Amino acid sequence: MQPQSANVCPLCGEHNQCAMELAKTTGEPVTECWCVSVAFSEKLLSKVPPEALNQVCICQKCASQADAL
Ligand SMILES: [Zn+2]
Ligand SMILES: [Zn+2]
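What counts as what
- Throughout this description, residue numbers start from 1 for each chain and increase along the sequence as written.
- A letter from A marks each chain and a number from 1 marks each ligand, given out in the order of writing.
- In view of the model being predicted, local features appear only for residues whose pLDDT reaches at least 70, and side-chain atom pairs are presented and counted only at 80 or more, with totals across whole chains, interfaces and linings using the full set of residues.
- Secondary structure follows DSSP: runs of H or I at least 4 residues long count as helices, runs of E at least 2 residues long count as strands, and numbering of each begins at the N terminus.
- Each residue is classified by how many other C-beta atoms fall within 10 Å of its C-beta atom, where C-beta atoms are placed from the backbone; a count of 20 or more means buried, 12 or fewer means exposed, and values in between mean partly exposed.
- Residues are scored as being in contact if the C-beta atoms we place from backbone atoms lie within 7 Å.
- The score called pLDDT rates the predictor's confidence residue by residue, from a low of 0 to a high of 100.

Novice: How should I be thinking about the overall build of the protein in this particular structure?
Specialist: Of the regular secondary structure elements, the protein holds 4 helices and 0 strands. From first element to last, N terminus to C terminus, the protein shows the α and β order α-α-α-α. Taking all 69 residues of the protein together, 16% fall into the buried category. Considering only contacts within the protein whose residues lie at least 6 apart along the sequence, 53% involve residues at least 24 apart.

Novice: Would you take a moment to explain unusual backbone geometry for this structure?
Specialist: Phi is positive for Gln17, close to 55°, though the residue is something other than glycine. With respect to the element layout, Gln17 can be found in the segment before helix H1 (19-26). On the neighbour-count criterion, Gln17 (16 C-beta atoms within 10 Å) is partly exposed. Phi is positive for Asn54, which is not a glycine, with a value near 65°. Along the polypeptide, Asn54 turns up in the loop between helix H3 (42-45) and helix H4 (60-68).

Novice: Just to check I follow, could you spell out the confidence of the model for the protein for this structure?
Specialist: As a general rule, the predicted coordinates of low-pLDDT regions are not to be interpreted in detail. Here the protein averages 82 in pLDDT, while 90% of its residues score no lower than 70. Looking at the elements of the protein, mean pLDDT is at its lowest for helix H2 (residues 34-37), recorded as 78, and at its highest for H3, recorded as 89.

Below, the structure is given as structure tokens:
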């Protein structure tokens, strides 16, 4: 297991492209990532490791899959 990285989706392990993380690398100020305004379902959040909860962005793919569940 790799240490939890802030720019990797805790569910699928892919790059989550979180705007907050992107801002850190580009140095450009970002007010909000899409993940901030999205309400993740409890079902989806229950799959996220507790240590990653509210720390790591879930990627858009996983978020949209949760909607389809
Ligand atoms: Zn994902
Ligand atoms: Zn994000």
